[in-house]
Amino acid sequence: MRNKIHKILGVGLTLVIAMALVMGFAAPVAANPGDYDFDGKINEWVPFQFVEGEDGGWFFDRNIYEVREITEAINGDLYVCVGITDLSYHIFKSTDGARSWADTGYDDVERCGTTDHPGKVVDMVCSSIDEDIVYATDGFYVYKTTDGGDTWDFIARDSLETELGGDCGCCLSNCLSATHDNEVITSLDVVYNADDNPFVYIGTRAHDIDDDTGGCTECDDKGASSPEVPGDVYYIGEAGYPANWTSLNLTCFHGGGYDALAVGCAPDWADTHQTYVVATNYTDTWVVYTTGTICGWYEFAELEWDCVNSFPSIFASRIAFPDDWADTETLFVGVVDY
């Protein structure tokens, strides 16, 4: 018997609650503020009673046309990605509760030559043990800062290029093309073991390797009709030497063909090594998990429409684990149906 997750909205963004098989559909307890009696309701939105805080120092800059991912460090520092009208992307930082912002060195990284810099941030995560460490991905590479954003560097760039683009040394933003979104990496998460050594996980979409103009003709897909590289989940233990990205072979789940739209490590990962993934083959959508064994993927719950019909997804939010995860095995995720 498998557990199922049901859509709450008919179209667009869908918020779903996933629960472990042994729990059925026991309703989670709402957290303050705004306690609410669910009374067995699983397909209804409930009101959130928020308390307004003090006004911040809002500012307007006509050069900023897009505000993307935002994340908070353990000391309260905020990081946000913004798009500038010159088509560049920056990560701004606030140390005073969003009342003022300063640019970081994200745009100084040379991704594919001196004039090509990291793109829009697809996902960004702060360290859970160090206030100055932040990880970000622009859909092609993974970047890390250890000094609060002043400088950023790649995480195992050569290894990632080999895993995602083949052993040809081409710049991934030039030679990769995903099916449903140009960015190949969809999400990332960072977790620490008992020795506080970091492990980074990323989810990817299926993609073609095609570089007719970037000098990597040996990686040209030559008109291949199907993706050369399937969707997958990769991880790296940064303390290892050499530290390289490793595939967990999501292709082993239900015969393959699934993209990883979101990846999240369980709060008790140091003990269980459980990593959860929102996976879709553009026919159905599942929440699956692994305990770190290559090719070892297990069903957690399927997302279903009207409690009966499977549906595909194209995007997913970060996976959220509540404080009572160990007792309830309940998680939250939002998806956009396809």
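Computed from a predicted model, the values in this text were never measured in an experiment.

Novice: I'd like to hear about the overall build of the protein, residue by residue, with values.
Specialist: A tally of regular secondary structure across the protein gives four helices and 23 strands. Within the protein, contacts between residues at least 6 apart in sequence are counted, and of these 51% link residues at least 24 apart.

Novice: Just give me the short version of the sheet that holds strand β16 (residues 246–247), but keep the residues and values in it.
Specialist: If you trace the four strands from one edge of the open sheet to the other, you get β12-β13-β15-β16, paired in antiparallel fashion. Looking at which strands have only one partner, the edges of the open sheet turn out to be β12 (185–192) and β16.

Novice: Explain the state of the cysteines to me, using residue names and the numbers behind them.
Specialist: Scanning the entire structure with this criterion turns up two disulfides. Between the sulfur of Cys 112 and that of Cys 171 lies a disulfide, 1.5 Å long from S to S. Here Cys 112 is found in the loop between β6 (102–103) and β7 (123–126), whereas its partner Cys 171 is found in the loop between α1 (157–165) and α2 (172–175), with 59 residues between them in sequence. A disulfide bridge connects Cys 252 with Cys 295, and the sulfur atoms are separated by 1.5 Å. Measuring the twist about the S-S bond at about -95°, one finds the Cys 252-Cys 295 disulfide to be left-handed.

Novice: Residues and numbers for the confidence of the model for the protein, please.
Specialist: Looking at the protein, the pLDDT average stands at 82 and 76% of residues meet or exceed 70. Low confidence marks residues 1–17, where pLDDT is under 50. Its contacts with residues over four positions away, or in another chain, come to 68 contacts. Segment residues 19–36 is flagged for pLDDT under 50; beyond a separation of four residues in sequence, or across chains, it makes 38 contacts in the model.

Novice: Report on the nonpolar core, specifying residues and quantitative values.
Specialist: The biggest cluster of nonpolar side chains holds 42 residues, and the ones touching the most others in it are Leu 160 and Trp 245. Sequence-distant contacts of Trp 245, that is, excluding residues within four places in its chain, are made with Val 142, Ile 155, Ala 156, Ser 159, Leu 160, Glu 163, Val 200, Ile 202, Tyr 234, Tyr 235 and Ile 236. Ranked by size, the runner-up nonpolar core spans 18 residues in total, among them Ala 266, Tyr 282, Phe 321 and Trp 325.

Thresholds applied
Residues numbered from 1 in each chain as written. Predicted model: local features only at pLDDT ≥ 70, side-chain atom pairs only at ≥ 80, totals over all residues. Heavy atoms only, no water. Helix = DSSP H or I, 4+ residues; strand = E, 2+ residues; numbered from the N terminus. Contact = heavy atoms within 4.5 Å. Pairing = 2+ DSSP bridges. Disulfide = S-S within 2.5 Å. pLDDT = per-residue confidence, 0-100. Core = buried A, V, L, I, M, F, W, Y, C linked by side-chain atoms within 4.5 Å. Buried < 20%, exposed > 50% of the residue type's maximum accessible area, 1.4 Å probe, protein only.

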